[in-house]
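Notes for the structure review
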Amino acid sequence: RAQRLAWWRDAKFGMFIHWGLYSVIGHQEWVLESEGIPIPQYEILAKHFKPKPNAAREWARLAKAAGQKYMVMTTKHHEGFCMWDTKQTDYCAMKQGPGRDLVREFVEAARAEGLRVGFYYSLMDWHHPDGMRCATDEAARKRFVDYTHGLIRELMTNYGKIDILWYDVDLPLTPEQWESERMNRMVFELQPEIVVNNRNGLEGDFSTPEQKIEASGSGRAWESCMTLNQGWGFQLHDDEWKSPRAIIDNLATCAQQGGNYLVNIGPEADGTVPAASVRILETVGRWLEVNGRA
Ligand code: JFZ
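1. Considerations on the environment of Lys212
- By the secondary structure assignment, Lys212 is in the loop between β6 (206–207) and β7 (221–226).
- On the accessibility criterion, Lys212 (41% relative accessible area) is partly exposed.
- With residues up to four places along the chain from it excluded, the contact list for Lys212 reads Ser224 and Met226.

Written out as structure tokens, the structure is:
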């Protein structure tokens, strides 16, 4: 583990990207749930999801300019929409909406800038018919665990070397029900050098304090993730931006305490990064260039 984690500990600073169908509405990534949008209506968003060409290239250049060493993009958030060309569902960016494999574009963009590649993957799924009933219906659980492991297998198989798997929200099942041990075994078989977080209910390689800095004891690796404004996914009229100074301070605090810092952007549906995010990250990058990396 120490060897697998060496580059990650050294990297210290990464870019988180929350991007999906929710970006079309601009009310954050929980909008399906928070506004009670019926699934058939929500699915229509795919028709309006039209990223510009090379959107991910812009993020990768921005990450590079900011001094970030890795990028972690949402491949599937709670909405269930798969951003890649999956064989397991039609609810994906290849077959609905853009007609492109947005995960592949992301991976290629990060590599073009020499950045490490991370996949965010939400276990919780509001769209799949078994996604919630799997907690009370054993047949549904079996199907949904097959589906989940199958999706992760594709992500770990089809895009070359992946550096980070960033699981999220493991509701409504327990780690035993997700078969998380078997999940991680598969992941490490396919990607022996990958680093995984702890949000599939297992310990994983690192802890994930959120919107706060909290060192984990006894030398265990950790990564604090934070937004630049209030929301993760794109949010119109969300103007409470952190200052570049605050980001630099947080990065320094994380580094001093032995952790990593993952800072989020929420691009618009077309991939445009909010101007304020660009300004903050570029300012952070210029400061790091002059003052050396924390
Ligand atoms: C989750 C998601 O629900 C959210 O949309 C976003 O993707 C974020 C990065 O992760 O939210 C969480 C997950 C875990 C905690 C808090 C919010 N937690 O452990 O405190």
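2. Some thoughts on the packing of aromatic side chains
- Per the counting criterion, the structure on display carries 15 aromatic pairs.
- Ring centres 4.9 Å apart and planes at 50° place the aromatic pair Phe16 and Trp166 in the tilted group. Taken together, the residues Phe16 in strand β1 (residues 13–17) and Trp166 in strand β4 (residues 164–168) connect sequence positions 150 residues apart.
- Judged by its relative accessible area of 1%, Phe16 falls in the buried class.

3. Here we look at the confidence of the model for the protein chain
- Here the protein chain shows a mean pLDDT of 97. Residues at 70 or above account for 99%.
- Here the predicted complex scores 0.97 on pTM and 0.95 on ipTM.

4. A word on the site of the ligand
- Taken together, Phe16, His18, Glu29, Trp30, His77, His78, Tyr120, Asp168, Val169, Arg199, Glu210 and Trp232 are the residues near the ligand.
- Residue His77 places a side-chain N or O atom 2.8 Å away from an oxygen atom belonging to the ligand.
- Contacts to the ligand include Arg199, whose side-chain N or O atom sits 3.4 Å from an oxygen atom.
- Coverage of the ligand by the protein amounts to 68% of the 450 Å² it exposes when considered alone.
- Counted by class, the shell around the ligand contains 5 nonpolar, 3 polar and 4 charged residues.

5. Description of unusual backbone geometry
- At the junction of Leu171 and Pro172, the peptide bond is cis and its omega measures out at 0° in the coordinates.
- Looking at the element boundaries, Pro172 is found in the loop between β4 and α9 (175–178).
- In this structure, Lys12 takes a positive phi of about 70° despite not being glycine.
- The residue Lys12 is located in the loop between α1 (2–11) and β1 in this model.
- You can call Lys12 partly exposed: its relative accessible area is 22%.
- Backbone geometry places His237, a non-glycine residue, at a positive phi of 55°.
- Mapped onto the elements, His237 comes out in the loop between β7 and α11 (244–256).

Rules of the game
- Residues numbered from 1 in each chain as written.
- Predicted model: local features only at pLDDT ≥ 70, side-chain atom pairs only at ≥ 80, totals over all residues.
- Heavy atoms only, no water.
- Helix = DSSP H or I, 4+ residues; strand = E, 2+ residues; numbered from the N terminus.
- Buried < 20%, exposed > 50% of the residue type's maximum accessible area, 1.4 Å probe, protein only.
- Contact = heavy atoms within 4.5 Å.
- Phe/Tyr/Trp six-rings, centres within 6.5 Å; stacked < 30°, edge-to-face > 60°.
- pLDDT = per-residue confidence, 0-100.
- Near = heavy atom within 4 Å.
- Polar contact = N/O pair within 3.5 Å; in protein donor to acceptor, adjacent residues only side chain to side chain.
- Areas by Shrake-Rupley, 256 points an atom, 1.4 Å probe, with all protein chains shown as cover.
- Nonpolar A, V, L, I, M, F, W, Y, C, P; charged D, E, K, R; others polar.

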